[in-house]
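Chain and residue survey
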Amino acid sequence: MAYVDHAFSITDEDIMMETSYTVNNKPPIKEIALAIALLVTGTLGIVIGSLMAYNHVGGDKAHGLFFAILGGILFIPGSYYTRIAYYAYKGYKGFSFSNIPHV
């Protein structure tokens, strides 16, 4: 008689006990709005900071560089999460609204 390890066997009861796994793929409106706001604010910060540094507006060159660096810091997560939201909306494989963290 062959040895059967019952610890790893699947019975009908095990199959019936499993819960169904559903993916909630609703777009998170607040998170997408925050990502777009970061993207726009970061873009404006980079543009205005670069113009300030080049034309010496608002003081010396350091003020413009500060705004450009601050704009870059805001631009990076804004562009990343906006891209994820856009690809999830378009239905690209591997992208889902669940990849955007909750606020």
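This write-up is about the structure you can find in this document.

Conventions used here
- Residues numbered from 1 in each chain as written.
- Predicted model: local features only at pLDDT ≥ 70, side-chain atom pairs only at ≥ 80, totals over all residues.
- Heavy atoms only, no water.
- Helix = DSSP H or I, 4+ residues; strand = E, 2+ residues; numbered from the N terminus.
- Buried < 20%, exposed > 50% of the residue type's maximum accessible area, 1.4 Å probe, protein only.
- Contact = heavy atoms within 4.5 Å.
- Patch = residues over 30% accessible without salt bridge, like charges linked within 9 Å, V, L, I, M, F, W, Y side chains within 5 Å.
- Areas by Shrake-Rupley, 256 points an atom, 1.4 Å probe, with all protein chains shown as cover.
- Salt bridge = Lys/Arg side-chain N within 4 Å of Asp/Glu carboxyl O.
- Polar contact = N/O pair within 3.5 Å; in protein donor to acceptor, adjacent residues only side chain to side chain.
- Core = buried A, V, L, I, M, F, W, Y, C linked by side-chain atoms within 4.5 Å.
- Expected span 1.5 Å × (residues − 1).

Counting its secondary structure elements, the chain contains three helices and zero strands. Counting from the amino terminus, helix and strand elements in the chain follow one another as α-α-α. When each of the 103 residues of the chain is scored for burial, the buried share is 19%. In the chain, the share of contacts with a sequence separation of at least 24, taken over all contacts with a separation of at least 6, comes to 54%.

The grouping of Ile36, Val40, Leu44, Val47, Ile48 and Leu51 at the surface amounts to a nonpolar patch, some 520 Å² of accessible area in total. Tracing the chain through its elements places Leu51 in helix α2 (residues 29-55). Residue class for Leu51 comes out partly exposed when judged on its relative accessible area of 49%.

Among the structural elements, His63 can be located in helix α3 (residues 61-90). Measuring from C-alpha to C-alpha, the distance between His63 and Ala53 comes to 7.0 Å, with ten residues separating the pair along the chain. Dropping the residues within four chain positions of it, His63 is found in contact with Met52 and Gly58. At 2.9 Å, the side chain of His63 and the side chain of Asp60 are in polar contact.

Listed in full, the six residues of the largest apolar core are Ile32, Ile84, Ala85, Ala88, Phe97 and Ile100. Apart from the residues lying within four places of it in its own chain, the contact partners of Ile32 are Pro27, Ala85, Phe97 and Ile100.

Turning our eyes to something else, we now look at α3. With 30 residues, α3 ought to run about 44 Å at 1.5 Å a step, and its terminal C-alpha atoms sit 42 Å apart, in line with that. Three or more residues of α3 are buried, namely Gly64, Ala68, Gly71, Gly72, Gly78, Ile84, Ala85 and Ala88. In the core, the buried residues of α3 are packed alongside α2. With its phi angle positive at about 90°, Gly91 sits one or two positions after the end of α3.

Moving on to the environment of Leu39. Its place among the elements puts Leu39 in helix α2. On the accessibility criterion, Leu39 (22% relative accessible area) is partly exposed. Along the backbone, Leu39 and Thr82 are 43 residues apart, and their C-alpha atoms lie at a distance of 7.7 Å. What Leu39 contacts, discounting residues up to four positions off in sequence, is Leu74, Phe75, Gly78, Ser79 and Thr82.

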